[in-house]
Amino acid sequence: MDKNHFLQSFAEQFDDTDPSTITLETHFKEMEEWSSMVALMIIAMVDEQYSKKITGADLREANTIEQLFERVSSK
Amino acid sequence: MTEYSPFSLHGKHILVAGASSGIGWAICKSIVAAGGKVTGVARRADLLQKMAQELGEGNAFFIEADLATDNGIEKVAAMMPDVNGLVYAAGVSKMLPLKFIKRESLEELMNINYFSMVLLLAQMVRQKKIKRNAHSSIVLISSVAQQIGTKSSILYTGSKGAMSSASKAIANELSSQKIRVNTIEPGMVQTAMASEMEDVISAEAVEKDKAKYPLGYGMPDDVANTAVFLLSDASKWMTGRSLTLDGGRYVLLD
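Computed from a predicted model, the values in this text were never measured in an experiment.

Novice: What is the right way to read the overall build of chain B from this model?
Specialist: For chain B, the count of helices and strands is eight helices and seven strands. Against the compact-globule benchmark of 18 Å for 254 residues, chain B has a radius of gyration of 18 Å, which places it among compact chains. For chain B, the C-alpha atoms occupy an extent of roughly 50 × 40 × 40 Å along the three principal directions. Taking as baseline every contact in chain B between residues at least 6 positions apart, the subset at least 24 positions apart corresponds to 74%.

Following this line, the structure appears as structure tokens:
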């Protein structure tokens, strides 16, 4: 799994946020555009692109995008 | 001698498709409790054996079959004796935002939630396995989801909408044989399917949703008891209709 590819895919799920402002260190749940809908899109994106299942608990446990990447990588 | 009750299922044999689901299993138990006999259909033989033991021999029979396949449907229709009713409780749910939907996931949900329901009824009717002119009743477990528009529930909502719409046409076709067809449209019921959704969303979001239900989330028994009413002669003037069970969620607004 490539970290930057994950970051790019993550950023693509947002419609109103400038992708250049989203980094691996971003605390994603503190983003203005973060919502339950975006959470569902992240879960679907991980399933589609990496064939891995993550849950609401994974999103809850991770604070930064990098931490989420590590959780996905370890599955 | 006990007095006749129109709410009793005494003397009635009911087929339950999707017997191992939370709601399907509760319906099997309620049918037997109401004096009827039940044949449940599910995929897992070990579960079926356990279920037959719990409900008692002579009251409950089970057929191991995969209703997602034509072979499974043909097997059920071939093995069943004539019945007084049928409940379709087989179904799956999947939350997926619109932009991630592909033909494969769409077909997966439509197949078990809608196609198999129509195909099972078609085979049962073709083989004259549902007793005619005998107050027979078909009950389809749909969902309140098909009345509203929950985000990411397009796959499920569409399949249940198809079921609810088609039920009216099926009811019309079968009315000449006095076979009734009604749907139950439940809101959130505490089942394994609901727990899976809780896992996907979050426990907090589920708690927030639960608080919007004036009577709280439903239990499988709540749906099962309504199914017994629709299967019984107590509802013999009702067909082509739907009963919404949602603890007041979508009608009692603040």
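Novice: Sorry, what's going on with the interface of chain B and chain A here?
Specialist: Quoted interface sizes are often the accessible area lost when the parts come together. Taken together, the contact between chain B and chain A spans 11 residues of the former and 10 residues of the latter. In the side of chain B that touches chain A, the residues fall into seven nonpolar, two polar and two charged.

Novice: I tried to follow unusual backbone geometry on my own but got confused; where do I start?
Specialist: Glycine aside, residues mostly have negative phi angles, and peptide bonds mostly take the trans form. Residues and elements named next belong to chain B. Of note, the phi angle at His135 is positive, near 55 degrees, even though the residue is not glycine. You can call His135 partly exposed: it has 17 C-beta atoms within 10 Å. In this model, Lys178 sits at a positive phi of 60 degrees, which is unusual for a non-glycine residue. Within the element layout of this structure, Lys178 appears in the loop between helix H5 (154-174) and strand E6 (180-186). Classification of Lys178 by C-beta neighbours within 10 Å gives partly exposed; the count is 15.

Novice: Looking at this model, I keep getting lost on the pairing of strand E3 (residues 60-64) of chain B. Mind explaining?
Specialist: Where a strand is regular, its side chains alternate between the two sheet faces. All names here are of chain B. Pairing analysis gives five bridges linking strand E2 (residues 37-42) to E3, with the strands arranged parallel. By the bridge assignment, Val41 is partnered in E3 with Ile63. Chirality of the crossover, the property in question, places the unit of E2, helix H2 (residues 45-55) and E3 among those that are right-handed.

Novice: Looking at this model, I keep getting lost on the packing of helix H1 (residues 22-33) of chain B against helix H8 (residues 220-231) of chain B. Mind explaining?
Specialist: For any two helices packed against each other, the geometry comes down to the angle between their axes and how far apart the axes lie. Residue and element names in this part refer to chain B. Where H1 contacts H8, the two axes come as close as 8 Å, and the packing angle between them is 50 degrees. Considered as vectors, H1 and H8 are oriented oblique to each other. The crossing of H1 and H8 is right-handed. In contact with Gly22, Ile23, Ala26, Ile27, Lys29, Ser30 and Ile31 of H1, H8 contributes Pro220, Asp221, Val223, Ala224, Asn225, Ala227 and Val228. For the contact of H1 with H8, a count of residues per class yields nine nonpolar, three polar and two charged.

Novice: What exactly am I supposed to notice about H2(B) here?
Specialist: Residues that lie three or four places apart on an α-helix share one face, since the helix turns once every 3.6 residues. All names here are of chain B. Leu48, Met51 and Leu55 are the residues of H2 that are buried. Along the axis of H2, the buried positions cluster into a sector of 65 degrees, meaning they face one direction only. In H2, the exposed residues that point more than 90 degrees away from the buried face are Ala45, Asp46, Gln49, Gln53 and Glu54. On its buried side, H2 packs onto H1, E2 and E3. Gly56 lies just past H2 and shows a positive phi near 90 degrees.

Novice: Explain the nonpolar core here, please?
Specialist: Note that soluble globular proteins tend to have their nonpolar side chains buried in a common cluster. Among the nonpolar cores identified, the biggest contains 58 residues, and B:Val16, B:Ala17, B:Ile27, B:Cys28, B:Val87, B:Tyr88 and B:Ala227 are the most heavily contacted of them. Here the element with the most residues in this core is H8(B); it accounts for seven residues. Contacts of B:Ala227, omitting those with residues within four sequence positions, involve B:Ile27, B:Ser30, B:Val87, B:Val139 and B:Ile184. In terms of nonpolar packing, the next biggest core, distinct from the first, is built from 26 residues, A:Phe6, A:Ile22, A:Ala39 and B:Leu96 among them.

Scoring rules and cut-offs
Residues numbered from 1 in each chain as written. Chains lettered and ligands numbered in written order. Predicted model: local features only at pLDDT ≥ 70, side-chain atom pairs only at ≥ 80, totals over all residues. Helix = DSSP H or I, 4+ residues; strand = E, 2+ residues; numbered from the N terminus. Rg over C-alpha atoms; globule rule 2.2 N^0.38 Å. Contact = placed C-beta atoms within 7 Å. Nonpolar A, V, L, I, M, F, W, Y, C, P; charged D, E, K, R; others polar. Buried ≥ 20, exposed ≤ 12 C-beta atoms within 10 Å, placed from the backbone. Pairing = 2+ DSSP bridges. Right-handed = clockwise from strand over helix to strand, strands pointing away. Axes fitted to C-alpha atoms, helices over the stretch in contact; angles between N-to-C directions. Parallel < 35°, antiparallel > 145°, perpendicular 65-115°, else oblique. Left-handed = near helix turned anticlockwise from the far one by under 90°. Arc of directions from axis to C-beta. Core = buried A, V, L, I, M, F, W, Y, C linked by C-beta atoms within 7 Å.

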